[in-house]
Amino acid sequence: MIAGLAFAIYTFVSKDLVTNYPSDVVVAVVFSTAAIFLLPILFFYDTSWLVQSSGAISMLHLGLIATALAYLLFARGLKGIPASMAVTLALAEPVTAALLGILLLGEPLTIVSGFGLLLLIIGLLLLANKPKVLNYITARKKS
């Protein structure tokens, strides 16, 4: 719940910032500030895996592709859509992760997770068709 709130706050603050500054600058400042706050963690955890080739490759992939590229694209997308829509569209991420886990890794699809996926997909479809849904609801109220 706290992570969801933090992501919503990040999105709304970023939306304000990208209207006044370039999106790459906003992402750079946000992640540089976060890195400074996380720096003390380096003194408490084993980081020897970072000097091994597989660890370095994993770190570079997670840092550059999965994080930096993803958030740069997200910040650029915020320029064209409302922040509330961006947060809702971000719900496609767990749907994609769950489907990849089921299809590629053989993860079991339980009733609860299947129901959760179904709710997320329905929400995303409603959001994608928001004008049509609103017109339908308005027409139903009038009749």
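This text goes with the structure placed above it.
Residues numbered from 1 in each chain as written. Predicted model: local features only at pLDDT ≥ 70, side-chain atom pairs only at ≥ 80, totals over all residues. Heavy atoms only, no water.

Trainee: Looking at this model, I keep getting lost on the overall build of the chain. Mind explaining?
Mentor: Within the chain, the regular secondary structure consists of seven helices and zero strands. Listing every helix and strand of the chain by position from the N terminus yields α-α-α-α-α-α-α. Principal-axis analysis of the C-alpha atoms places the extent of the chain at approximately 70 × 45 × 25 Å. Taking all 143 residues of the chain together, 14% fall into the buried category. If you take every contact in the chain between residues at least 6 apart in sequence, the share linking residues at least 24 apart comes to 71%. Accessible surface, the chain: about 10900 Å² in total, of which carbon and sulfur atoms supply 75%. Averaging the positions of the 8 positive and the 5 negative side-chain charges in the chain gives two centres separated by 26 Å. (Helix = DSSP H or I, 4+ residues; strand = E, 2+ residues; numbered from the N terminus. Buried < 20%, exposed > 50% of the residue type's maximum accessible area, 1.4 Å probe, protein only. Contact = heavy atoms within 4.5 Å. Areas by Shrake-Rupley, 256 points an atom, 1.4 Å probe, with all protein chains shown as cover. Lys, Arg positive; Asp, Glu negative; His and termini not counted. Charge placed at Lys NZ, Arg CZ, Asp CG, Glu CD.)

Trainee: So what exactly am I meant to see when it comes to the packing of helix H5 (residues 92-105) against helix H6 (residues 111-128) here?
Mentor: The axes of two packed helices give the description: the angle between them and the distance between them. Remark: H5 packs on H6, axes separated minimally by 10 Å, with the N-to-C direction vectors making an angle of 135°. As summarised for this structure, H5 and H6 are arranged oblique, according to the angle between their axes. Seen from above, H5 lies across H6 with left-handed handedness. For the pair H5 and H6, the contacting residues are Ala92, Pro94, Val95, Ala98 and Ile102 in the first and Leu117, Leu120, Ile121 and Leu124 in the second. (Axes fitted to C-alpha atoms, helices over the stretch in contact; angles between N-to-C directions. Parallel < 35°, antiparallel > 145°, perpendicular 65-115°, else oblique. Left-handed = near helix turned anticlockwise from the far one by under 90°.)

The analysis is restricted to geometry; functional conclusions fall outside its scope.
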